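# Analysis of the macromolecular model
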Amino acid sequence: MKTSDMTKIEQIRRRKKLRKLRNAAISVFVLAMVLCYFTGIFGSSLAILGEVVDSVKITLMPGKGWPVSLSLANFQRVQPLGGGFVASGKQDVVVYSSTAGELKRFQPGYANPEITAGNTRFCVYNRSGKELQIHSRTRTLATKTYDYAVLLAEMSPGGTLAVATKSDRYTSEIHIYNNRYNEIYTYSFASEYPSAITFANNDKDFAVTTITPKDGALGTTLYLLNIASDAETATFFVPDALALQIHYLTGNRLLVVYDNFIAVYNSQTGEQICAYSYELPIQAACTKNQNTALLLGSSAKTLILLNDSLEVLAIAQVDTTAQDVLIDREHAYVLTENSVETYTLTGEGLGSTALNAQPLKLIGAKEPLVLTAAEVCALK
């Protein structure tokens, strides 16, 4: 068969594939409109409809797959988003789909841009500034400005947004917005500033940690809150420990990673269920599917894998300096100076993926990805 004939065949196949994608996208869109009509919930369905519109657009412009070149100067943050990811540099923010298509690129114009992402939406805020922006994967949804500096923002998977701001020199507030970005709840702190926020899957329960000085040392106060109540569900102080990450494992189990131990609490009572302590300094941590990977050591050479009861699944030694860790249902990945090392959840080494540029970050998108200064590559 001639080369020209092969080219024509490939073009025909490509057109057929694109036609199928268009038909599927249109079917999803029509189904969503029908559901909105018959359920009569147009107010809450506007957000859902917007996500459908985004999905249609994304389906109609698939990427070519990983790897892709990463043109992002002065990389700062990356978050999973809709099977792909959103990443920020000092000036630019860029969104990629699960098939490696670039969906959106813009300059927020912030001196210290930070990002937080849900399933399909994300927020860019100016740390210590007074403004933030809320985006879908393809559109700008809202802009908020405040009288006081933004300290921290956190978006839930469903699109609920928490924003912590200074109120004056010694107090702070958390503002909660629904997925249409109307403010629905406010909570004030006296003499404390939030350091981390996380939402439960119901978008009603949430947890906040603050750094609290007491008896000449720094500790953590953990607040368990619900947007339907003005009173705390529970609150307690943890001495001589600073919270680094917080995650809901289930609706009533909250995991907190501290600088010297990790613990699981009953999120309705604050009772500690289990804990695991470590003496080596913590370099990175990742929680997924109720398992947690810890990267410990001053040169980060010890990988510890824990289950949801904080029982040790495996301990592995990394042969070189490491800086980041990622865990999924089957594997743990460790980012080193020039490679990604892959392990089973029993600690067995499965090999190494060499990197040709400066490593930046691991990210759990639809598939595990590694970001370098030059490109984004899949690890499977």
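Residues numbered from 1 in each chain as written. Predicted model: local features only at pLDDT ≥ 70, side-chain atom pairs only at ≥ 80, totals over all residues. Heavy atoms only, no water.

## Remarks on the overall build of the protein chain
The test is simple: In this description a helix means any DSSP run of H or I spanning at least four residues, a strand means any run of E spanning at least two, and both kinds are numbered starting from the N terminus. Exposure categories follow from relative accessible area, calculated using a 1.4 Å probe and restricted to protein chains: below 20% of the type maximum is buried, above 50% is exposed, and the middle band is partly exposed. Methods summary: accessible areas were calculated by the Shrake-Rupley approach with a probe of 1.4 Å, and residue burial reflects only the protein chains presented.
The helix and strand tally for the protein chain stands at 2 helices and 32 strands. The buried share of the protein chain, taken over its 380 residues, is 50%. A total accessible area of about 18,400 Å² is found for the protein chain, and carbon and sulfur atoms account for 50% of it.

## Details of the packing of aromatic side chains
Using the following cut-off: The rule is short: rings of Phe, Tyr and Trp, with Trp giving its six-membered ring, pair when the centres are within 6.5 Å, and they are stacked under 30 degrees, edge-to-face over 60, tilted in between.
The full count for this structure, using the stated rule, is 11 aromatic pairs. With centroids separated by 6.0 Å and ring planes inclined at 25°, the aromatic side chains of Trp66 and Phe85 adopt a geometry described as stacked. Taken together, the positions of Trp66 in the loop between α2 (42-60) and β1 (68-69) and Phe85 in strand β3 (residues 84-88) put the pair 19 residues apart, joining distant regions of the chain. Using a relative accessible area of 0% as the deciding quantity, one classes Phe85 as buried. Centre to centre, the rings of Tyr258 and Phe261 are 4.4 Å apart; their planes meet at 15°, and the pair counts as stacked.

## Quick notes on the sheet that holds strand β16 (residues 217-226)
The line we're drawing: Pairing between strands requires that DSSP locate at least two bridges from one strand to the other. To define axes, lines are fitted to C-alpha atoms, for helices over the stretch in contact only, and angles between the resulting N-to-C directions are given on a 0 to 180 degree scale.
Judged by pairing direction, the sheet is antiparallel, and its 4 strands sit side by side in the order β14-β15-β16-β17 without closing on themselves. The open sheet has two free edges, formed respectively by β14 (194-199) and β17 (234-238), since each of these has just one partner strand. Each strand axis lies, on average, 15° off the axis of its neighbour in the sheet, ignoring direction. Inspection of the sheet shows β16 paired to β17 by 5 bridges, in the antiparallel sense. Residue pairing in the sheet places Tyr223 in a bridge with Thr235 of β17.

## Concerning the pairing of strand β20 (residues 261-266)
Among the 6 residues of β20, 5 are classified as buried, and the element is accordingly described as predominantly covered. The sheet contact formed by strand β19 (residues 253-258) and β20 spans 5 bridges and is antiparallel. Along β20, the bridge assignment pairs Leu254 with Tyr265. The hairpin turn running from β19 into β20, its antiparallel successor, is 2 residues long. Between β20 and strand β21 (residues 272-277), which pair antiparallel one after the other, the connecting turn spans 5 residues, and Gly270 there sits at a positive phi close to 85°.

## Focus: the layout of surface pockets
The cut-off we apply is this: Of the grid points, spaced at 1 Å and generated over the protein atoms alone, those admitting a 1.4 Å probe that cannot get out make up cavities, while open sets with protein on both sides within 12 Å along at least five of seven lines make up pockets; any residue with an atom within 4 Å of a point is treated as lining. Grid points are joined across faces, edges and corners, and a volume is the space filled by probe spheres set on the points. Charged residues are taken to be Asp, Glu, Lys and Arg, nonpolar residues to be Ala, Val, Leu, Ile, Met, Phe, Trp, Tyr, Cys and Pro, and polar residues to be all remaining types, Gly included.
Approximately 240 Å³ is the volume attributed to the second largest pocket. What lines the second largest pocket is a set of 11 residues, among which Ile58, Thr59, Ser97, Ser98 and Thr99 lie closest to the centre. In terms of residue count, α2 provides more of the lining of the second largest pocket than any other element does, 3 residues in total. Taken together, the residues of the lining of the second largest pocket sort by class into 3 nonpolar, 6 polar and 2 charged.

## Looking at the side chain of Thr212
Short version of the rule: Polar contacts, as counted here, are pairs of nitrogen or oxygen atoms within 3.5 Å of one another; within protein the pair requires one atom able to donate a hydrogen and one able to accept it, and residues that are adjacent in sequence qualify only if both atoms are side-chain atoms. We call two residues contacting when some pair of their heavy atoms lies within 4.5 Å.
As for its position among the elements, Thr212 is in strand β15 (residues 205-214). Look at Thr212 and you get buried, because its relative accessible area is 13%. At 2.8 Å, the side chain of Thr212 and the side chain of Glu192 are in polar contact. Of the polar contacts made by the side chain of Thr212, one reaches the side chain of Thr210; its length is 3.3 Å. The contact partners of Thr212, leaving out residues within four places of it in the chain, are Glu192, Ala217, Leu218, Gly219, Thr220, Thr221 and Phe237.

## A look at the pairing of β15
The element β15 is extensively covered by neighbouring structure, given that 7 of its 10 residues are classed as buried. As paired elements, β14 and β15 share 5 bridges and run antiparallel to each other. Across the sheet, Ala196 pairs through a bridge with Thr209, a residue of β15. A loop of 2 residues connects β15 with β16, the two strands running antiparallel in sequence, and Asp215 in this loop sits at a positive phi of about 55°.

## Quick look at the pattern of salt bridges
The following threshold applies: Whenever Lys or Arg places a side-chain nitrogen within 4 Å of a carboxyl oxygen from Asp or Glu, that contact is recorded as a salt bridge.
A complete count under the given rule lists 5 salt bridges for this structure. A salt bridge links Glu114 to Arg127, with the shortest nitrogen-to-oxygen separation between them at 3.4 Å. Placement of Glu114 in strand β6 (residues 113-117) and of Arg127 in the loop between β7 (121-126) and β8 (131-136) is noted, with a sequence separation of 13 residues between them. On the basis of relative accessible area, Glu114 is assigned to the buried category, the value being 11%. Using a relative accessible area of 31% as the deciding quantity, one classes Arg127 as partly exposed. Two residues, Asp324 and Lys361, come together in a salt bridge whose shortest N-O distance is 3.5 Å. One end of the pair, Asp324, is in strand β26 (residues 322-327); the other, Lys361, is in strand β30 (residues 359-364), and 37 residues separate them in sequence.

## Let's talk about the confidence of the model for the protein chain
To keep things clear, this is the line we draw: The predictor attaches a confidence to each residue, called pLDDT, with possible values from 0 through 100.
With 87% of its residues at a pLDDT of 70 or more, the protein chain has an overall mean of 89. Ignoring residues within four places in sequence, the model shows residues 39-44, a span with pLDDT below 50, making 5 contacts including any to other chains.

## Comments concerning unusual backbone geometry
Geometrically, the link from Trp66 to Pro67 is a cis peptide bond, its omega value of 5° lying close to zero. Structurally, Pro67 can be placed in the loop between α2 and β1. With phi around 60°, Leu310 is a residue other than glycine that occupies positive phi space. Of note, Leu310 is situated in the loop between β24 (302-306) and β25 (312-317).

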